[in-house]
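Inside the fold
Read off the chains here:
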Amino acid sequence: MRSSPFKYAALICISFLSIAGSCIAQNFDPFEGKSSQYQLDLSRYFTTPKEELNTLNVLLDRVKKFENNTAWDLPVLAERLDQYEHFSVELTRHMLYERLLYYDNKNDTAARKRMNYDNNVASELRATVNLALTQKELSTLTDAEINQFHLDKFRYLIASIQRNTSHTLPVAGTKIINELAGSVLDRLDDRYDALMDDINKNLVFDSIGKKFNPGTGIAAIRHNKNAYIRETGAKAFLDAYAQHEEVFAATLIDIANEENALARLYNYPDAPARMYDKRLQVTEDSVKGLLNELNQHAGVLKTYQQVQAEQVKRVTGLLQIHSWDMDLPLNYTPQPQTFVSARKSILQALQPLGKDYVSHFADLLDPTQGKLDITGGKSRVTDYTGLGYPGVPITLYMKSFSGETGSIRVLIHEGGHSIHRLLMSENHIVPTNSSGPNFLFESFAILNEFLLLDELTNSSRSSDSKAFYTKTFIDDLADQLFTCAEEGTFEQGIYDGVSAGKIKNQKDIDSLYAGIMNKYDLFFKDEPERHAEWINKRLLYDDPIYNVNYLYASLVACKLYELLHKDPENFAIHYIALLRNGFNASADDLLQKFMGFGMDGTQMVEGAVGLMRKKTTDLKLLYN
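Given the structure is predicted, the values throughout are model-derived calculations rather than measurements.

With respect to the overall build of the protein
Helices and strands together make up the secondary structure of the protein, namely 26 helices and five strands. Put simply, the protein has 624 residues, and 56% of those count as buried. Long-range contacts, defined here as pairs at least 24 residues apart, represent 75% of the contacts in the protein between residues at least 6 apart.

This is the structure we're talking about:
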């Protein structure tokens, strides 16, 4: 199974569990003995498993008949598209139900197989409709015909399909490609995951009587007060993966070759061009231009790193600071919150988005509503995601909720995805208009994180706690702005290099990575052990060419954050209208219409970099 676009939330959670290794965190119960109240009510999807299976069989039969019906002329087009939208809703209802069964028990192979099968059915259904709308009679519809045949609500769907005519393949071809490419890419993905699991399972760092797993224990190593343990532990962590660098490099190159070949089947020059078009609605040249622009501002990141390094020096007395010292807890470490307390913080943080948004979020976080699935368990799938679709119930799934700052951030981030989907559903939009550029989805969720960190900062009673949350804000922004620029530039370089025959082995990859990191990272040039740290960038393998989505998302989120502070009284009105509207136009048009700004890369980069500078100045003042 290919990974979810929202898998990034899992990375957020892992990256920011600042005291994950502490006894307090391990023994703390955020549910206060009432964890059973925070479990999902699956009857919101189907009353019983038997009903789900029975209705699925009927639905699949109807979809097959729909696909075999070749009547696609203008008089019946509106009726056919209405049927298609209905099937999209019902297939999604089944897929989410099956997905949640599998998420709750990763050993439920039957649910996983049904989920994957239904996903393939939905893909083939889309291919059927796409191909029908590219036939000559329908490929040049005029405004008069759209009005005459009651097709106005499908205007954007039709326009989108027609715009992608050159990338549309026959249904049979799409099915074969999906099966073959999916099988090959899944095997490469599995190769990566299996090797990572094997390393994490078998390699242990032992120093001064303490044992740390180099994979899962890296947070504990980086937070250890002993400088020797931090240094030798970080190096052991890096070396554990570097020993297998040739296999990881070969896997990454194989994935690039497969993705490039797949892109060419769909008439794209390479995989980045295909993914940027599908996910961002932008050209490869425009992405490269944006990445180059971020490169010019790399010094802003180094300035922040220098401020933090000086503070670590002051607090610890260390004479020289390395990257593995930068995560040391300094003068303040927050205690985990109960869910009730976290819910209160979240709802307070979201006040600037208006009463309507807050009331919907309050309902989502009310355990009696059965929309939460966050209590954890041994057999649960590691994912963190907000689910929903027009006409289908929303759910917030987290493998677990710990009450720590990182976990609360995941809660408000993924909850934002759920609420966005609910608002579109309430507005009765055309269901297929609920999908758009992934970076817009993410920008709305990132804005929620910014608001949470502001709330935690403003409600803090000491300069140390304010500094902690300000630093967390900057780390979040730096990760989504500059780390994504690093990774986006690196991944683009991989695909360009593989296509040109210049990336052939791990030495070529190391060289590419070092050239990028030396621009962005204050410490990289003095830490040769980090030459292969690209191995741990899981999205390169699990979800190729997705990283750059978060760069665009962070730029939009920063602009929204700026507008919210400029005009707090009117921001929520326009913003909620944008969320409710769905995706019936390009991202640029939607942002222009509802929020008054467009996808001007230079302007957005300057705004985001300006916010980074301001927060860094705030942090420096708090430290001093």
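Here's the deal with the packing of helix 23 (residues 547-566) against helix 24 (residues 568-581)
The N-to-C vectors of helix 23 and helix 24 enclose an angle of 135°; their axes lie 6 Å apart at closest approach. Judged on the interaxial angle alone, helix 24 and helix 23 are oblique. On the side of helix 23, the interface is formed by L560, L563, L564, H565 and K566, while helix 24 contributes P568, F571 and Y575. Residue composition of the contact of helix 23 with helix 24, grouped by class: six nonpolar, one polar and one charged.

What to know about the packing of aromatic side chains
Applying the stated rule across the entire model yields 28 aromatic pairs. Pairing F31 with F401 gives two aromatic rings, centres 6.2 Å apart and planes at 50°, and the pair type is tilted. Pair noted here: F31 is in the loop between helix 2 (23-27) and helix 3 (49-68) and F401 is in the loop between strand 5 (392-398) and helix 18 (405-426), with a separation of 370 residues, a long-range link. You'll find F31 and F401 in the same group, each marked buried. With 5.2 Å between their ring centres and 75° between their planes, F237 and Y241 make a pair best called edge-to-face. With F237 and Y241 both in helix 11 (residues 227-242) and four residues apart, this pair spans about one turn of that helix. Y241 carries the same exposure label as F237, and that label is buried. One aromatic cluster in this structure is built from F31, Y38, F339 and F401. Positioned above the aromatic ring of F66, the side-chain terminus of R80 is 4.1 Å from the ring centre.

Quick notes on the nonpolar core
Ranked by size, the top nonpolar core spans 141 residues in total, and within it F361, W534, L551, Y575 and M595 carry the most contacts. Examining the composition of this core, we find that 15 residues originate from one element, helix 20 (residues 463-500), more than from any other. With residues up to four places along the chain from it excluded, the contact list for M595 reads L560, L563, F571, H574, Y575, L578 and L590. Residues L77, V121, L125 and L151 belong to the second largest nonpolar core, which totals 29 residues.

A look at the pattern of salt bridges
Using the criterion set out here, one finds 34 salt bridges in the structure. Its salt-bridge partner being R155, residue D143 comes within 2.9 Å of it at the nearest N-O pair. Taken as a pair, D143 in helix 7 (residues 143-148) and R155 in helix 8 (residues 155-163) lie far apart in primary sequence, 12 residues in all. Classification of R155 by relative accessible area gives partly exposed; the value is 30%. Of the charged contacts in the structure, one is a salt bridge between R538 and D193, with a shortest N-O distance of 2.6 Å. Of this pair, R538 sits in the loop between helix 21 (506-520) and helix 22 (539-542) while D193 sits in helix 9 (residues 171-202), and the two are 345 residues apart along the sequence. The network of salt bridges with common partners includes D521, E527, R530 and E533.

Structural notes on the sheet that holds strand 5
Taken together, the three strands give an open sheet; going across it, the order is 3-5-4, and neighbouring strands pair in mixed fashion. This sheet does not close on itself; its edge strands, each paired only once, are strand 3 (372-373) and strand 4 (384-389). As paired elements, strand 3 and strand 5 share two bridges and run parallel to each other. Bridge pairing links D373 to Y397 in strand 5. Of the strands in this sheet, strand 4 and strand 5 touch helix 18, which is tilted by about 10° from strand 4.

Here we look at helix 16 (residues 339-349)
Along helix 16, the positions that sit buried rather than exposed are F339, A342, S345, I346, L347 and A349. Buried positions along helix 16 lie against helix 17 (355-364), strand 3, helix 18 and helix 19 (438-458).

A look at unusual backbone geometry
Residue N267 is not a glycine yet carries a positive backbone phi of 65°. Within the secondary structure, N267 is located in the loop between helix 12 (245-265) and helix 13 (271-280).

Focus: the confidence of the model for the protein
For the protein, the average pLDDT comes to 89, and 90% of its residues sit at 70 or higher. Confidence drops under a pLDDT of 50 for residues 1-24, and excluding neighbours within four residues, the segment shows 69 contacts in the predicted structure.

Let's talk about the pairing of strand 5
Buried residues dominate strand 5, accounting for seven of its seven residues. Where strand 4 lies against strand 5, five bridges are found, and the strand directions are antiparallel. Along strand 5, the bridge assignment pairs L387 with T395. Between strand 4 and strand 5, which pair antiparallel and follow one another directly, the connecting turn spans two residues, one of which, G391, has a positive phi of 85°.

Some thoughts on helix 5 (residues 109-132)
It helps to recall that an α-helix has 3.6 residues per turn; residues three or four apart then point in one direction. With 24 residues, helix 5 ought to run about 34 Å at 1.5 Å a step, and its terminal C-alpha atoms sit 35 Å apart, in line with that. Listed as buried for helix 5 are A111, M115, D118, V121, A122, S123, E124, L125, A127, T128, V129 and A132.

Digging into the environment of P367
Relative to the elements of secondary structure, P367 occurs in the loop between helix 17 and strand 3. For the pair P367 and L40, spaced 327 residues apart in sequence, the C-alpha separation works out to 8.7 Å.

Rules behind the numbers
Residues numbered from 1 in each chain as written. Predicted model: local features only at pLDDT ≥ 70, side-chain atom pairs only at ≥ 80, totals over all residues. Heavy atoms only, no water. Helix = DSSP H or I, 4+ residues; strand = E, 2+ residues; numbered from the N terminus. Buried < 20%, exposed > 50% of the residue type's maximum accessible area, 1.4 Å probe, protein only. Contact = heavy atoms within 4.5 Å. Axes fitted to C-alpha atoms, helices over the stretch in contact; angles between N-to-C directions. Parallel < 35°, antiparallel > 145°, perpendicular 65-115°, else oblique. Nonpolar A, V, L, I, M, F, W, Y, C, P; charged D, E, K, R; others polar. Phe/Tyr/Trp six-rings, centres within 6.5 Å; stacked < 30°, edge-to-face > 60°. Lys NZ or Arg CZ within 6 Å of the ring centre and 35° of its normal. Core = buried A, V, L, I, M, F, W, Y, C linked by side-chain atoms within 4.5 Å. Salt bridge = Lys/Arg side-chain N within 4 Å of Asp/Glu carboxyl O. Pairing = 2+ DSSP bridges. pLDDT = per-residue confidence, 0-100. Expected span 1.5 Å × (residues − 1).

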